[in-house]
Amino acid sequence: PPSSVKERYPLRRQRQELKPSQLFFLKDRDPVQDLLLNFPDPSTISINFIAMASFKIFSKFAFRATKFLHHWPAGQDICRRAVIGNAILSHPFSRTFSSSNGAEESAAAKVEAKEDEVMSAKKRLKRELEDLPVDYSDISRAKVAIRGGVRRTECYKSYFLSELVGAEVYLKPEFQQFTGSFKERGARNAILQLMREKGKDGLKGVVAASAGNHALALAYHGRELGVPVTVVMPTVAPLAKVDKCRKFDARIIIEGTHIGESKLYAEGLVEEEGLTYVNGYDDPPIVAGAGTIGIE
C-alpha cells in the first residue's frame, strides 16, 4: 500500500490473531484496512478469512475491501480467485468490481457520477430554501414581535399517544391561547408587520374570510392593537364564533354559502375600501407567526 496509508495505519502484529467477529469492535480504525494491513504480506491473506470477515461487518465494508485490494498486484490476484469472487464481488455493493482495470474504472466512474448527483441535489435544495418566502430569520423576528401578546404554552409528553404509535410524542396545548388556537401567533404578527410597513395611520384596516379560528384571532388582536378588523364569514359559520368575533368589536359580514365565495367578497372590499387582506394560511407573516411554536 502507499506509504501514507502505512503511516496512518501502522502494522500491529499483536492483532493478527484476532477472529473475524472481533474486527468489528476495533475502535478508531477502519475495519477493512485493519484486516488487510495487519498482514505483512497481503498475498498470504487467507481467502476464506477475508470472505468470512466481510460478512461479520457491514456490507458496505465488503465493497471497500474489494476496492482496497486493488491497490497492489497481490490484492488483484486475490480478487481473481473463486472464493472471494463469490463471497464479496457478487455482493450488490461491489458487484461492479472485478479484477480487470476496466471494471474498476467503470465502478469508480459510477461512484463519481453518484457523488456529483448528490452534490447537485444539495445545491438545488439550497437554492430552493433560499427562495422560500419564509425563513428562520422571519420566524425569529416574529417571536420577538409577538411576545407579550400570546401565551408561551408548555410542551409535555403524552404517555398514551407515545405508547400507541411507538414513538416519543409531545403535545403543545395551543388551545390555551385566549381565543383557543395557535392562529393568534400569525394574526398578531401579520397586523404588527402591516403597522410597521404602513404606519398605524396609513393602515385603514384588515379584512379576512374565515369561518372560525383565524377570524377570532384577527378580531381579538386587531382590537388589542387598535386596528379595525372586518371578517367575512359564510352562512355555515358556527354562531358561537360569529358572536365571539362581534364581542371583539370586529365588523362581521355574512356572505357566501362557502368560504370560497366569502373570500371573493372580501377581496372586493380591498379595492372598494382600501383594506388589507390577510390570508389565514397562505401569507408569509401568518406562517412565520405559526413557526414560533417550533422555536418554543
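The coordinates are above.
Keep in mind the model is a prediction, meaning the values are calculated, not measured.

Basis of the calculations
- Residues numbered from 1 in each chain as written.
- Predicted model: local features only at pLDDT ≥ 70, side-chain atom pairs only at ≥ 80, totals over all residues.
- Heavy atoms only, no water.
- Pairing = 2+ DSSP bridges.
- Helix = DSSP H or I, 4+ residues; strand = E, 2+ residues; numbered from the N terminus.
- Phe/Tyr/Trp six-rings, centres within 6.5 Å; stacked < 30°, edge-to-face > 60°.
- Buried < 20%, exposed > 50% of the residue type's maximum accessible area, 1.4 Å probe, protein only.
- Right-handed = clockwise from strand over helix to strand, strands pointing away.
- Contact = heavy atoms within 4.5 Å.
- Salt bridge = Lys/Arg side-chain N within 4 Å of Asp/Glu carboxyl O.
- Patch = residues over 30% accessible without salt bridge, like charges linked within 9 Å, V, L, I, M, F, W, Y side chains within 5 Å.
- Areas by Shrake-Rupley, 256 points an atom, 1.4 Å probe, with all protein chains shown as cover.

### Observations regarding the sheet that holds strand β4 (residues 229-233)
(1) Moving on: With parallel pairing, the 4 strands of this open sheet are ordered in space as β5-β4-β3-β6. Two strands lie at the open edges of the sheet, namely β5 (251-254) and β6 (276-277), each paired on one side alone.
(2) Moving on: Where strand β3 (residues 206-209) meets β4, 4 bridges bridge the pair, whose relative direction is parallel. Among the inter-strand pairings, alanine 208 is bridged to a residue of β4, identified as valine 231.

### Here's the deal with the packing of aromatic side chains
(1) Moving on: Scanning all chains against the criterion turns up 4 aromatic pairs.
(2) Moving on: Both rings, one in tyrosine 159 and one in phenylalanine 160, keep their centres 5.3 Å apart while their planes meet at 85 degrees; by these two values the pair is edge-to-face.
(3) Moving on: Taking the relative accessible area as the measure of exposure, tyrosine 159 reaches 54% and is therefore exposed.
(4) Moving on: What makes phenylalanine 160 exposed here is its relative accessible area of 63%.
(5) Moving on: Ring geometry for phenylalanine 178 against tyrosine 220: centres 4.5 Å apart, planes inclined by 15 degrees, an arrangement best described as stacked. In this pair, phenylalanine 178 is assigned in the loop between β2 (170-171) and α11 (183-202) and tyrosine 220 in helix α12 (residues 213-225), connecting sequence segments 42 residues apart.
(6) Moving on: Phenylalanine 178 gets classed as exposed once you look at its relative accessible area, which sits at 57%.

### Concerning the pairing of β4
(1) Moving on: Among the 5 residues that make up β4, 5 are buried, leaving the element largely enclosed by the rest of the structure.
(2) Moving on: Of the two faces of β4, the one carrying Val229, Val231 and Met233 and the one carrying Thr230 and Val232 are both buried.
(3) Moving on: Regarding topology, α12 serves as the crossover connection from β3 to the parallel β4, and that connection is right-handed.
(4) Moving on: Here β4 runs beside β5; their pairing, made up of 4 bridges, is parallel. Residue pairing for β5: valine 231 is matched across the bridge by isoleucine 252.
(5) Moving on: Note that the unit made of β4, helix α13 (residues 239-247) and β5 has a crossover that is right-handed.

### A look at the environment of glutamine 176
(1) Moving on: Mapped onto the elements of the fold, glutamine 176 is located in the loop between β2 and α11.
(2) Moving on: Residue class for glutamine 176 comes out partly exposed when judged on its relative accessible area of 32%.
(3) Moving on: Taking C-alpha positions, glutamine 176 is 7.3 Å from threonine 153, a pair spaced 23 residues apart along the chain.
(4) Moving on: For glutamine 176, the residues in contact, after removing those within four places along its chain, are Arg151 and Thr153.

### Considering the pattern of salt bridges
(1) Moving on: Inspection of the entire model under this criterion finds 9 salt bridges.
(2) Moving on: Where glutamate 174 meets arginine 185, a salt bridge forms, and the shortest distance between an N and an O atom there is 2.8 Å. Residue glutamate 174 is found in the loop between β2 and α11, and its partner arginine 185 is found in helix α11; the two are separated by 11 residues along the sequence.
(3) Moving on: Of the charged contacts, one joins aspartate 243 and arginine 246 as a salt bridge, the two residues approaching to 3.9 Å between their closest N and O atoms. In this pair, aspartate 243 and arginine 246 both sit in helix α13, 3 residues apart, roughly one turn of the helix.

### As for unusual backbone geometry
(1) Moving on: Not every positive phi belongs to a glycine, and aspartate 249 is a case in point at roughly 65 degrees.
(2) Moving on: Take aspartate 249: it is sitting in the loop between α13 and β5.
(3) Moving on: Judged by relative accessible area, aspartate 249 falls into the exposed class, the value being 58%.

### Notes on a nonpolar patch on the surface
(1) Moving on: On the surface, Tyr156, Leu161, Leu164, Val165 and Leu171 cluster together into a nonpolar patch covering about 470 Å² of accessible area.
(2) Moving on: A per-element tally of the nonpolar patch places helix α10 (residues 159-165) first, with 3 residues.
(3) Moving on: As for its position among the elements, valine 165 is in helix α10.

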